[in-house]
Amino acid sequence: MASFIVGGQDRWESAIAMMKDARPKQWSGFMWEDQLMQDNHSKIQDCQIAATQAGHPKSCVITVKPDAQ
């Protein structure tokens, strides 16, 4: 139904359009977090494995890129 109302190509695209419109600041944060996870996926995955093997939380080093100007 949302795809029809919003005019998106599919439900996924329609949901994105609605989220961007309804809460742009939260959408921006979500996209930043997603990029951070993608940029550090292997480091985070390795750290999670190490924490599981150790049986307690582990500190991990990740890379955070500066905001695009």
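Each value, and the rule that gives it
- Residues numbered from 1 in each chain as written.
- Predicted model: local features only at pLDDT ≥ 70, side-chain atom pairs only at ≥ 80, totals over all residues.
- Heavy atoms only, no water.
- Phe/Tyr/Trp six-rings, centres within 6.5 Å; stacked < 30°, edge-to-face > 60°.
- Helix = DSSP H or I, 4+ residues; strand = E, 2+ residues; numbered from the N terminus.
- Buried < 20%, exposed > 50% of the residue type's maximum accessible area, 1.4 Å probe, protein only.
- Salt bridge = Lys/Arg side-chain N within 4 Å of Asp/Glu carboxyl O.
- Disulfide = S-S within 2.5 Å.

1. Comments concerning the packing of aromatic side chains
Point 1. Scanning all chains against the criterion turns up one aromatic pair.
Point 2. Residues Trp27 and Phe30 carry aromatic rings whose centres are separated by 5.5 Å and whose planes lie at 35 degrees to one another, so their mutual orientation is tilted. Here Trp27 pairs with Phe30, and both are found in helix H3 (residues 24-39), just three residues apart, close to one helical turn.
Point 3. You can call Phe30 partly exposed: its relative accessible area is 45%.

2. Remarks on the pattern of salt bridges
Point 1. The full count for this structure, using the stated rule, is one salt bridge.
Point 2. Asp39 is the partner of Lys65 in a salt bridge, and the nearest nitrogen-oxygen pair spans 3.7 Å. You can see Lys65 sitting in the segment after helix H4 (41-54) and its partner Asp39 sitting in helix H3, a full 26 residues away along the chain.

3. Describing the state of the cysteines
Point 1. Under the counting rule described, the total for this entry stands at one disulfide.
Point 2. The disulfide bridge from Cys47 ends at Cys60, spanning 1.3 Å between sulfur atoms. Judged by the sign of its S-S torsion, about -65 degrees, the bond between Cys47 and Cys60 is left-handed. One end of the pair, Cys47, is in helix H4; the other, Cys60, is in the segment after H4, with 13 residues separating them in the sequence.
Point 3. Judged by relative accessible area, Cys47 falls into the buried class, the value being 11%.
Point 4. On the basis of relative accessibility, which here comes to 38%, the residue Cys60 falls in the partly exposed class.

Function-wise, these values are silent; they only describe arrangement.
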